[in-house]
Amino acid sequence: MYYLGIDGGGTKTQFTIINENVEVIQSIKKGTSHFKQIGLDGVENVLRDGLNEVLLESGISVDEIKGVGIGIAGYGNIQKDREGLERVVERVFKDFKYTLRNDVEIALAGALNGEDGIVIVSGTGSIALSKIGDKYKRCGGWGYSIGDEGSAYWIGKRIIETFSKEADGRLEKTHIYEIIKKMLALSNDYDIIKYINEDIKADRLEVAKFSKVCFEAAKLRDKNAINIFNSASKELSELINLLMKDFEGYNIKVSYLGGVFKSGEFILNPLIELLDKKCVLIPPKYTADIGAAIIALKNDEYKVL
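Each chain has its residues counted from 1, running along the sequence as written. Totals for whole chains, interfaces and linings use every residue, but because this is a predicted model, local features are given only for residues with pLDDT of at least 70 and side-chain atom pairs only at 80 or more, for both listing and counting. The side-chain figures draw on all heavy atoms in the structure; neither hydrogens nor water molecules are used.

Going by the annotation in an unreviewed UniProt entry, the name recorded for the protein is Acyl-CoA reductase, with Clostridium sardiniense given as the source organism.

Written as C-alpha cells, this is what we have:
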C-alpha cells in the first residue's frame, strides 16, 4: 500500500510517496504552491503537475495510492482563502481519498511521527502548534508585520538595527559591524539605508537572510549576536510554554523545524533552559512531506479499524 504526502510551502512543494512502513518510494520537488505568490490557478497547476510527475516516476497507479495527505501554506483561519484552496484540491484529487491540512500540521506530524506534542517552527516566520488527540491549537504565526517573534526575519531585523547602533556609537562595534560592512561592500555606513530600502525594498525574505550574520557572529562569540539569539529563544519559549499548559504529565515531546534552528547551540541551548520542565525537546523525526503522508496512512488505518 502506498501513501502520498504533499508539503506545499512558500519556497517549494514536495511530493513524496511512502509505503506502510514509512519508507520513501519516490519524491519530487516543484516550485511554490502559496496562493498569495502564484494565485489559485497557479496552485492547481503545481499540484496537478507534481501529482502526475511523482506517479509517472514511481510507476505507481492512481488505484495503488490508498491515501493522500496535503499541507498547504495559507490554509488557515480566513474562510475565503480556505474555501478557494479546498476547491482547487478537490479538482486535482477527486479520484483519491485525501486529507487537507495546513503546512504546520503536517510539519508536526512529521516531526513527532504522528504523536501528540508540540512543534515550534522558526523559519522566515514563526509559529507553534500543539496536538492532543484530534485537537490542534496554535500560538503565534501572526505574520512579520505584526509578530513572528524569534523568526529569521525578526533576527535579521535586529541584526540590521544592531549594525546601525554600532555604526553611530550607541553600541560598541563587534563582529556584526565588520561582517555586514564586508558582506555589502559598504564604503559608507549609511549606504545600508539605500541597500535596505531601495535595493532589496525591505523585502521580508531578504531581511530574513541577515539572520545568517547573527550565526556567523555568534560563532565568533560576538556578545550582541548571542544576546539576539537569547532574546529569540525567549520569544519562542513563550509560544511553547503557553501551549504546554494544556498537557498533563511529563516528558511531553516538543520538536523544532525551520532555518533558525540551523544555528544549533546558539538557539537551542537557551531555549532548553527556558522551557517548561514538563517537556523534552527532540529533533524532528521526519520532514513535513512525510508527515503529510503519515496523516494519510493513519487516517486509512483508523477507517480500516
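Having seen the structure, we can now continue with the description.
With that settled, the discussion passes to the pattern of salt bridges. Working definition: two side chains of opposite charge can pair if their charged atoms are close together. The term salt bridge refers to a pairing of a side-chain nitrogen on Lys or Arg with a carboxyl oxygen on Asp or Glu at a separation within 4 Å. Inspection of every chain in the model, using the stated rule, returns 16 salt bridges. Here Glu53 and Lys30 are joined by a salt bridge, their closest N and O atoms 2.9 Å apart. Taken together, the residues Glu53 in helix α1 (residues 35-58) and Lys30 in strand β3 (residues 24-30) connect sequence positions 23 residues apart. Relative accessibility decides the category of a residue: with a 1.4 Å probe and only protein chains considered, values under 20% of the type maximum give buried, values over 50% give exposed, and everything between is partly exposed. Using a relative accessible area of 26% as the deciding quantity, one classes Glu53 as partly exposed. A run of DSSP states H or I qualifies as a helix once it reaches four residues; a run of E qualifies as a strand once it reaches two. Both are numbered from the N-terminal end.

Now for the UniProt feature "domain: ATPase BadF/BadG/BcrA/BcrD type" (unreviewed entry) in the protein. What UniProt calls "domain: ATPase BadF/BadG/BcrA/BcrD type" (unreviewed entry) maps, in this numbering, to residues 4-296. The span residues 4-296 carries 47% helix and 21% strand; its end-to-end C-alpha distance comes to 8 Å. UniProt positions are given in the numbering used here, feature names are shortened, and annotations may be inferred rather than shown by experiment.

The subject of this paragraph is the sheet that holds strand β1 (residues 2-8). Strand order in this open sheet of five strands is β3-β2-β1-β4-β5, and the pairing throughout is mixed. Two strands bound the open sheet, and with one partner strand each, they are β3 and β5 (98-102). Neighbouring strand axes in the sheet, compared pairwise and without regard to direction, differ in orientation by 15° on average. Pairing between two strands is assigned when DSSP locates at least 2 bridges connecting them. Relative to β5, strand β4 (residues 65-72) runs parallel, the two sharing five bridges. If you follow Gly69 over to β5, its bridge partner there is Thr99. Here, two residues are considered to be in contact whenever any of their heavy atoms come within 4.5 Å of each other. Here an angle of 0 to 180 degrees is reported between the N-to-C directions of two axes, which are lines fitted to C-alpha atoms, with helices fitted over the stretch in contact. On top of the sheet, helix α3 (residues 103-111) reaches β1, β4 and β5; it is set at about 105° to β5, its chief contact.

For a helix, the expected span equals 1.5 Å multiplied by the number of residues minus one. Between its first and last C-alpha, helix α9 (residues 223-244) extends 31 Å over 22 residues, near the 32 Å set by a 1.5 Å rise per residue. Every buried residue of α9 is accounted for by Asn224, Ala225, Ile228, Phe229, Ala232, Ser233, Leu236, Ser237, Leu239, Ile240, Leu243 and Met244. A side-chain oxygen of the first residue of α9 lies 2.9 Å from the backbone nitrogen of Asn224; this N-cap is Asp222. Any pair of nitrogen or oxygen atoms within 3.5 Å is treated as a polar contact; in protein, a donor-acceptor pairing is required on top of that, and neighbouring residues in sequence qualify only through side-chain atoms on both sides.

Only centres within 6.5 Å qualify two rings of Phe, Tyr or Trp (six-membered ring in Trp) as a pair; their planes then separate them into stacked at under 30 degrees, edge-to-face at over 60, and tilted for everything else. Following the criterion strictly, the structure yields eight aromatic pairs and no others. The interplanar angle of 65° and the centroid separation of 6.1 Å between the aromatic rings of Phe93 and Phe96 together place this pair among those described as edge-to-face. The residues Phe93 and Phe96 share a single accessibility class, namely buried. Ring centres 5.1 Å apart and planes at 65° place the aromatic pair Tyr144 and Tyr153 in the edge-to-face group. A relative accessible area of 13% places Tyr153 in the buried class.

Going residue by residue along strand β10 (residues 279-282), you find Cys279 and Leu281 tucked away on one face and Val280 and Ile282 left uncovered on the opposite face. With four bridges connecting them, strand β9 (residues 252-257) and β10 associate as parallel partners. Across the sheet, Lys253 pairs through a bridge with Val280, a residue of β10. You can see the chain leave β9, run along helix α10 (residues 265-274) and come back into β10, and the turn it takes is right-handed. Crossover handedness is defined by viewing with both strands directed away from the observer: a clockwise path from the first strand over the helix to the second marks the crossover as right-handed.

Glancing now at the environment of Leu242. In this structure, Leu242 sits in helix α9. As a C-alpha pair, Leu242 and Leu108 span 134 residues in sequence and 17 Å in three-dimensional space.

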